[in-house]
Amino acid sequence: MRAQLRARRILVIAKLTGVELVRRRVALGMLTALPLAFYGGSVGRGGGAVITGGVAMAFSIAGASIFVALTARPVDPRLILAGYHPTELLLGRLLLLELFGVLVAGVFSVVMVFGSNPSDPWALAAGVALVALTSVPFGLAVGGLAPHELEGVLALIGVVGVQLTLYSTQLMAKFLPFWGGQRLLDHSVNPGITVGAAVPANILYAAALFAIATYIMRRQAPSVGGAARHGAGTSTPVRVL
Amino acid sequence: MPVTAERPLRAEPTRARPLTRTSPPALAAVAVTKAYGPRRVLDGVSLTVAPGESVAIIGENGAGKSTLMRICAGLIRPDGGGVTVSGRVGYCPQEPGLFDLLTADEHFAMFAPALGLPREQAIREGRRLLSEFAFPLHQQAQCRRLSGGSRQKLNLALALLGGAHVLLLDEPYQGFDHGAYVSFWEHVASWAAAGIGVVVVTHLLADQALVDRVVEMNIAACEPS
């Protein structure tokens, strides 16, 4: 019963986040056009276009995630006060944004497979999917930390921009969140590049980003959700009157 | 300027709703302190509200009224002291926290599972609350297309949705037209009559006759009027 209620809450948040996201048609269109522009601009330069386009897709999905997190910030305390658990809010958004990410990644994979004819199209699809998977917790974490949209967008441009300038074999690339995806994309056009531990490392990175987003959300959450006593040093209801 | 509470706020209900052992206060804030950096906003402030009592908090800008409300709602933690709330809190912030691209119904639908209400019931109840304040229900507009007053009405309705034992309303009538403003104060009386503890932050002197008790917060001192 409790699990059902939690599931319902998560689905309601996912659904209404989707409704809100779809209504941002212009922003969504621009966000999706951006990686396409990166890909289109570099398509004449051989296999590098796939890596550029695939990693630049993070602009689209992480950008949407940042906007979702920042838009919800003033409302979240009230939702938690009403009875939501902070994790339910995050999971609902994660669910919707990952679905959005899968959709964008699917379309983008098809475009790049037909546009660049990579030697390993499945690796390309997996690389794009990994970038999409990582973009959501990255965006939610940045959205939780950034005080305003400007700072959030600058962080996004900074991280994705630096990842775009690096080869996947460079040491610094390994410390950035989209390294696994970048490596898979690299492998899809350069079979000599091995993937190795890049994928599990990337998945762990994504999990850590989601943990950070959860921590931020819980820290900012109200200290009480119903009949309770709260005061200095307490963070959860301790007494119901 | 440091902010101090020379005298703690005290609950002295003026109507026949005395605090007894069997009726715990709806809200009891005891010796609450809060500072933002070096600036001390609240210093040992206490406030008790009985079930069925309506209290207006007045005071100049920067006296810590909204901070006290946020602490009582559990939105921010006090540096010292504590708050005990009896039952569910309905909190209406000064700035409407709404999703600009969602409609009023969608807001009610979002709050429904948190409040343990079926979606349709939450929407029905939300609409009823809005209709009491002449909200333009027929428009079904996204919040970004609503007037300031209509946004504030939705803000208030969300605080009331699902019922509450304590209402914390931080200048909830901003942007209301005259009719809605009058209606709001009539509702305060009816909520109190129904046993809800109601706290309203207000700047308007005329409002003070409409509640059981007025509490004044000053930057230098916080004291009951």
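From a predicted model like this one, the values you see are computed outputs, not experimental measurements.

Procedures and definitions
Along each chain, residues carry numbers from 1 onward, in the same order as the chain's sequence is written. Here chains are named by letter from A upward and ligands by number from 1 upward, in the order in which they appear as written. pLDDT decides what is reported in this predicted model: residues at 70 or higher carry local features, side-chain atom pairs at 80 or more are listed and counted, and totals for whole chains, interfaces and linings draw on all residues regardless. Here a strand is any run of E in DSSP of at least two residues, a helix any run of H or I of at least four, and the numbering for each starts at the N terminus. Three classes are used. A residue is buried when 20 or more other C-beta atoms lie within 10 Å of its own, exposed when 12 or fewer do, and partly exposed in between, with C-beta atoms placed from the backbone. We call two residues in contact when their backbone-placed C-beta atoms lie within 7 Å. The reference for a compact globule is 2.2 Å times residues^0.38; the radius of gyration itself is calculated from the C-alpha atoms. Core membership is restricted to buried Ala, Val, Leu, Ile, Met, Phe, Trp, Tyr and Cys residues, and these are joined into a nonpolar core through C-beta atoms within 7 Å. Angles shown run from 0 to 180 degrees and are taken between the N-to-C directions of axes, each axis being a line fitted to C-alpha atoms and, for helices, limited to the stretch in contact. For classification, angles of less than 35 degrees are called roughly parallel, those exceeding 145 degrees roughly antiparallel, those between 65 and 115 degrees roughly perpendicular, and all remaining angles oblique. Whether a crossing is left-handed or right-handed is set by the direction in which the near helix is turned from the far one by less than a right angle, anticlockwise for left-handed and clockwise for right-handed. When residues are sorted by character, Ala, Val, Leu, Ile, Met, Phe, Trp, Tyr, Cys and Pro go into the nonpolar class, Asp, Glu, Lys and Arg into the charged class, and all the rest, Gly among them, into the polar class. Strand pairing is defined by DSSP finding a minimum of two bridges between the two strands. Under the convention used throughout, the expected extent of a helix is 1.5 Å for every residue step, that is, one less than its residue count. Each residue carries a pLDDT score, the predictor's own confidence in it, on a scale running from 0 to 100. Each direction from the helix axis to a C-beta atom contributes to the arc, which is the arc of those directions.

What follows concerns the overall build of chain B. What chain B contains, in helices and strands, is five helices and nine strands. Helices (α) and strands (β) of chain B occur, in sequence order from the N terminus, as β-β-β-α-β-β-α-α-α-β-α-β-β-β. Considering chain B as a whole, with its 225 residues, one finds that 49% of them fall into the buried category. Partitioning the intrachain contacts of chain B with sequence separation of at least 6 by distance along the chain shows that 74% fall at a separation of at least 24.

What follows deals with the overall build of chain A. A tally of helices and strands in chain A yields nine helices and one strand. Its helices and strands in sequence order give chain A the pattern α-α-α-α-α-α-α-α-α-β, from N to C terminus. Over its C-alpha trace chain A gives a radius of gyration of 19 Å, about what one expects of a compact globule, namely 18 Å for 241 residues. Scored against the burial criterion, the 241 residues of chain A give a buried share of 50%. For chain A, the proportion of contacts with a sequence separation of at least 24, taken over those separated by at least 6, is 72%.

In terms of nonpolar packing, the biggest core is built from 139 residues, with Met57(A), Ala58(A), Ile61(A), Leu168(B) and Val199(B) touching the most fellow members. Among the elements that make up this core, the one with the highest residue count is helix H3 (residues 48-72) of chain A (17 residues). In contact with Leu168(B), not counting residues within four places along its chain, are Met69(B), Cys72(B), Ala73(B), Val89(B), Tyr91(B) and Val199(B).

Right, let's get into the environment of Pro24(B). Examined against the element boundaries, Pro24(B) turns out to sit in the segment before strand S1 (27-36). Given 16 C-beta atoms within a 10 Å radius, Pro24(B) is considered partly exposed.

Helix-helix packing is described using two parameters, namely the angle between the two axes and the distance between the axes. All names here are of chain A. The N-to-C vectors of H3 and helix H6 (residues 121-145) enclose an angle of 30°; their axes lie 7 Å apart at closest approach. Relative to H6, the element H3 is oriented roughly parallel. The element H3 and its partner H6 pack so that their crossing is right-handed. Partitioning the contact of H3 with H6 into residue classes produces 19 nonpolar, eight polar and no charged.

Turning to the pairing of strand S5 (residues 89-92) of chain B, a few remarks are in order. Residues and elements named next belong to chain B. Of the two faces of S5, the one carrying Val89 and Tyr91 and the one carrying Gly90 and Cys92 are both buried. Pairing geometry for S5 and strand S6 (residues 166-170), over four bridges, is parallel. Counted as the bridge partner of Tyr91 is Leu168 from S6.

All right, on to helix H9 (residues 198-220) of chain A then. Taking 1.5 Å per residue as the helical rise, H9(A) with its 23 residues ought to reach 33 Å, and the 33 Å between its terminal C-alpha atoms agrees with that figure. Tucked inside the fold, the buried residues of H9(A) contact helix H5 (86-116), H6 and helix H8 (179-189) of chain A.

Moving on, we come to the confidence of the model for chain B. Residues and elements named next belong to chain B. Mean pLDDT over chain B: 84, with 87% of residues reaching 70 or higher. Within chain B, strand S9 (residues 222-224) has the poorest average pLDDT of any element, 43, and helix H2 (residues 104-115) the best, 95. Segment residues 1-21: pLDDT under 50, and 54 contacts once partners within four positions in sequence are set aside and those in other chains are kept. Low pLDDT (under 50) marks residues 220-225, which in the prediction has 19 contacts with non-local residues, meaning those over four places away or in another chain. Across the assembled chains, the prediction reports ipTM 0.85 with pTM 0.85.

Here the focus is the interface of chain A and chain B. With 30 residues of chain A at the contact, the number on the chain B side is 32 residues. Elements supplying a minimum of two residues to the side of chain A that touches chain B: helix H1 (2-22), helix H4 (76-82) and strand S1 (228-231) of chain A. Considering every element that reaches the side of chain A that touches chain B, the biggest residue donor is H1(A), with seven residues. Grouping the constituent residues of the side of chain A that touches chain B by class yields 17 nonpolar, six polar and seven charged.

Let us look at the confidence of the model for chain A. Scored by pLDDT, chain A has a mean of 88; 92% of the residues are at 70 or more. For chain A, the element scoring lowest by mean pLDDT is S1(A), at 54; H6(A) scores highest, at 96.

The next point concerns the environment of Arg25(A). Topologically, Arg25(A) is positioned in helix H2 (residues 25-42). By the C-beta count within 10 Å, which is 9 here, Arg25(A) ends up exposed.

Here H1(A) is 21 residues long and its end C-alpha atoms lie 30 Å apart, about the 30 Å a rise of 1.5 Å per residue gives. Looking only at H1(A), the buried set comprises Arg9(A), Ile10(A), Val12(A), Ile13(A), Leu16(A), Thr17(A), Glu20(A) and Leu21(A). Taken around the axis of H1(A), the buried residues stretch over an arc of 165°, which confines them to a single face. Along H1(A), exposed side chains directed more than 90 degrees from the buried face belong to Ala3(A), Gln4(A) and Val22(A). Buried residues in H1(A) make contact with H2, H3 and H5 of chain A together with H2 of chain B.

Residue and element names in this part refer to chain B. In contact at an axis separation of 8 Å, H2 and helix H3 (residues 119-131) are set at 125° when each is read in the N-to-C sense. Taken together, H2 and H3 sit at an angle that is classed as oblique. Handedness of the H2/H3 crossing: right-handed. When H2 is examined against H3, the residues Ala104, Asp105, Phe108, Ala109, Phe111, Ala112 and Leu115 are found in contact with a partner set consisting of Arg119, Ala122, Ile123, Gly126 and Leu130. Split into classes, the residues belonging to the contact of H2 with H3 amount to nine nonpolar, one polar and two charged.

The topology assignment puts Ala141(B) in the loop between H3 and helix H4 (148-160). In this view, Ala141(B) contacts Thr103(B) and Leu146(B); residues no more than four positions away in its chain are not counted.

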